[in-house]
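Working through the structure, step by step
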Amino acid sequence: MDLLANVALGFSVALTPANLMFCFLGSVVGTLVGVLPGLGPVGAVAFLLSLTFKMEPASAVIMLAGIYYGAMYGGSTTSILVNIPGETASVVTSLDGYRMARQGRAGAALGISAFGSFIAGTLGVIGLMCLAPLLGRAALSFGPPEYFALTVTGLTLVSYLSRGSMTKALIMTTLGLLAGTVGMDPISGEERFAYGILTLRDGLGLVPVAMGLFGIAEVLENLTTVGQHAIYETKIKGLLPNLKDWKNSLWPIARGSCLGFFLGILPGPGPVIASFVSYAVEKRVSRYPEKFGTGVIEGVAGPEAANNAATAGSFIPLLSLGIPTSAIMALFMGALMIHGIQPGPLFIVKYPELFWGFIASMYVGNAMLLVLNLPLIGIWVRLLKTPYIILFPLILLFCLIGVYSLNANVTEIIIMLIFGVLGFLFRQVGFEGAPFILAMVLGPIMETSLRQSLLISRGNFSIFFTRPICAVLMVLTAAFLVSPLVTAKRKR
Amino acid sequence: MKNLRAVPRTRHGRYVFLVLILLCAPALNAAEYPTKTVQIINPFPPGAVTDIVARILAPKMSAALGQPVVVVNKPGGGGAVGIQVAKEAAPDGYTILVTPPPILLIPLVNKNSRFTTKDFTPLALATSSPNTTVVRKESPWKTLEEFIAEAKKTPGQLTYGSAGPGTTPHFIGELVKMKTGIDLTHVPLGSESAAATALLGGHVNISFLTLGTTRSHIEAGTLRALAVASNRRLKDFPNVPTTVEKGFPELNLKIWVGFFAPAKTPAPIVKRLAAVISESLKDSEVAASIAKSQALIENFGPQEAAKFLAEEERKWSEVARVANIAH
């Protein structure tokens, strides 16, 4: 069979000693980058890009890809341990993961996120192998109207992200949408709410805001309670997920992997959205949705699987069409272009050893990461015993370094600190950060795609209902919104 | 002993001496230049064409200068953040800028822009990438004439995608409208690759993108090039007509990458840097790498670059005015 021959070719490239080493190196760096808050895969790949100029093209992409999916593995660690997302795609993980840690189940949470990531990563790679060319073309049928419909669907997820008051969640959503309008108008280029500050012309950065709302706010909140009670309420129970955890996590991992893979294909912050969607889906299908947010393992397993599968999916447009759908994919494109290899529709045919070698290396890398991450769990959990008085200045320091490392821009540090204080105040009055982040991710895509669609249709709103994919999404959204009303009535 | 005292003793004399030293300082620096790392500021993210060109040149420049040359990425504001950082850097030759047309376009679009080309001295126009006029494979237009004819029949109905308001593809789109007398609706899509994606999906009708973005699609046949902006046909695409043969010599556009120093950089240092860049561009290894990155070497020196840029500025100012892009 053709596929088997290709896979064999791939492994023959991926398993050379040099490439194994680069794969390992990438995975280790990626894990580190993921664990350190703020410092995301984009920064790390950018930093190492110039090193790859002298390398073989296959080794270059193998190492850089290792950093990317390694960061997705590592990103959950700080989310779970100290409620600080290592990168934006791990914001959702903190909702239940951190609660689990506080109940002494950090090991189980970290374990399931490592296994979940491994399973999702592997499934994602299989998907990439079998479906890449097909799905790449399918992704093209998503134009501005489809993106608009998708964001409308996305916003309905807010109802699943709040633990407490729905009203408060909606207020946070609105604020998030407003925060998303800061910066250059995507259509006219006019400045909005930038007040002459150059950094704000690009809008509020997702990373500084998320780090502030979650990381800094968390530190501030703990400072007010430190000394009154211990950070961790109970003893640490076990380092790995038990049988019950596994049973509860299996389906969330499977669903998260599928969702993540397909959402990853679409341009934009795929892994972030995938993790939010997965969380919402798990809460929707759960028999105990009210327990989400109190430390349910499904809330960790699903989103973690989703963001890892999304990393595999996000390579599809680049490898099958030569279209970089995010900043990190643009870096990969740069890494290939510097070697005179241009990703495009003919990439797989012209450079089979590169394409299949790269995919095979992702299998290898995922296995390496699992082996690498499991022993680390013990160390991470022990880290929790560090007195908070020592831990918090360190966390603060890493947040500062991490945000600065993004663009070497001091303004972004200030943004993070402002949102840290805001996040602290929000928490004091029971407002949560997750709906804000979701709205801030979706808001700009929503606005841009709405206005692009109306430009294309010359102001005619029927464009959102006459295109098939778009119409289906709109109907789904309506069903999504109405169904809880119907079930609630029936219960009564 | 008395004769050996070099510093005049009177208080007044000491100040005179100090002033003399300060006056000499730039000249002394120029003679010794460089004594430390030279930074090239790239106002775009890593992997962008400016980043690639600068990183290809950096090792050669470093060898010629005898000091490390590093590329520092300062992305943001469509290039505005990094360009401003370079403008505010000390004009001592240790901070230079690599940038494509936005250095010229941003001040035309944004009246609040805190820099103009007058804040910089060109060192070199290093490379360029030809612009391509592309439609998707499934579209009915086989030639530029067919497209123009259709657009004339349905003014404003057809759409063109750009990388965003005030970006190069937007300016080119407006220039095309001016020179061909057609009316197209502008759909800003956020980046060149987003514009290519929307075009491939059939969500917009036409786009004016760099060859770097469109090449693989033209080769694969998923996009059809109606014209390439160039004097001569491209070696790799002998079947694609040029804008010049199609009768639009004004649409012979280059998407260039230039090197600049802050305006007050001493002339000897400017000369030195310009010579080093020019020499590096002649290196065969550099030439091979640049060819691989889909760019063409221009290698204009400071005077030639300044002349070219003045012409560019004239052309784009007119587009900004007629199309009312500025706000």
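Above this text is the structure in question.
Rules and cut-offs
Residues numbered from 1 in each chain as written. Chains lettered and ligands numbered in written order. Predicted model: local features only at pLDDT ≥ 70, side-chain atom pairs only at ≥ 80, totals over all residues. Heavy atoms only, no water. Core = buried A, V, L, I, M, F, W, Y, C linked by side-chain atoms within 4.5 Å. Buried < 20%, exposed > 50% of the residue type's maximum accessible area, 1.4 Å probe, protein only. Helix = DSSP H or I, 4+ residues; strand = E, 2+ residues; numbered from the N terminus. Domains from an automatic or database assignment. Contact = heavy atoms within 4.5 Å. Buried area = accessible area lost by both parts, 1.4 Å probe. Salt bridge = Lys/Arg side-chain N within 4 Å of Asp/Glu carboxyl O. Polar contact = N/O pair within 3.5 Å; in protein donor to acceptor, adjacent residues only side chain to side chain.

**Here we look at the nonpolar core**
In this structure, Phe315(A), Phe332(A) and Phe259(B) are the most contacted members of the largest nonpolar core, which totals 202 residues. Here this core takes 16 residues from helix α4 (residues 57-82) of chain A, the largest share from any one element. Residue assignment places this core across two domains, with domain 1 (36-129 + 254-322) and domain 2 (130-251) of chain B each supplying three or more. Setting aside its immediate chain neighbours within four residues, Phe315(A) contacts Ala65(A), Tyr68(A), Leu128(A), Met329(A), Phe332(A), Phe358(A) and Met362(A).

**Describing unusual backbone geometry**
A negative phi angle is the norm for most residues apart from glycine, just as the trans form is the norm for most peptide bonds. Across the junction of Tyr33(B) and Pro34(B), the peptide omega takes the value -5°, indicating a cis bond. Mapped onto the secondary structure, Pro34(B) falls in the loop between α1 (11-32) and β1 (38-42). A positive phi angle, close to 65°, is found at Asn83(A), a residue other than glycine. Inspection of the secondary structure assignment puts Asn83(A) in the loop between α4 and α5 (91-102). Phi at Asn299(B) is positive, roughly 50°, even though this residue is not glycine. Locating Asn299(B) in the fold gives a position in strand β10 (residues 296-300). Looking at Asn299(B), the relative accessible area reads 17%, which means it is buried.

**Here's the deal with helix α4 (residues 102-109) of chain B**
All names here are of chain B. Of all the eight residues making up α4, seven are buried; the element is thus mostly covered by neighbouring parts of the structure. Here α4 has its buried residues at Pro102, Ile103, Leu104, Leu105, Ile106, Leu108 and Val109. In the core, the buried residues of α4 are packed alongside α3 (80-88), β3 (95-99), β4 (120-136), α6 (168-180), β9 (254-262) and α11 (302-322).

**Comments concerning the interface of chain A and chain B**
In this assembly, 44 residues from chain A lie in contact with 41 residues from chain B. Buried area between chain A and chain B, summed over both chains or domains, comes out near 3500 Å², and the portion from carbon and sulfur atoms is 59%. Its largest share of buried area at the contact with chain B, chain A owes to Leu140(A), Leu198(A) and Gln342(A), together 16% of the area lost on that side. Our count for the contact surface shared by chain A and chain B stands at one salt bridge. In this structure, Lys350(A) and Glu219(B) form a salt bridge, with 3.3 Å as the shortest nitrogen-oxygen distance. Taken together, the links from chain A to chain B amount to 11 residue pairs in polar contact (both at pLDDT 80 or more). Sorting the residues of the side of chain A that touches chain B by element identifies α3 (41-49), α7 (144-155), α15 (327-337) and α20 (433-456) of chain A as the ones contributing at least two each.

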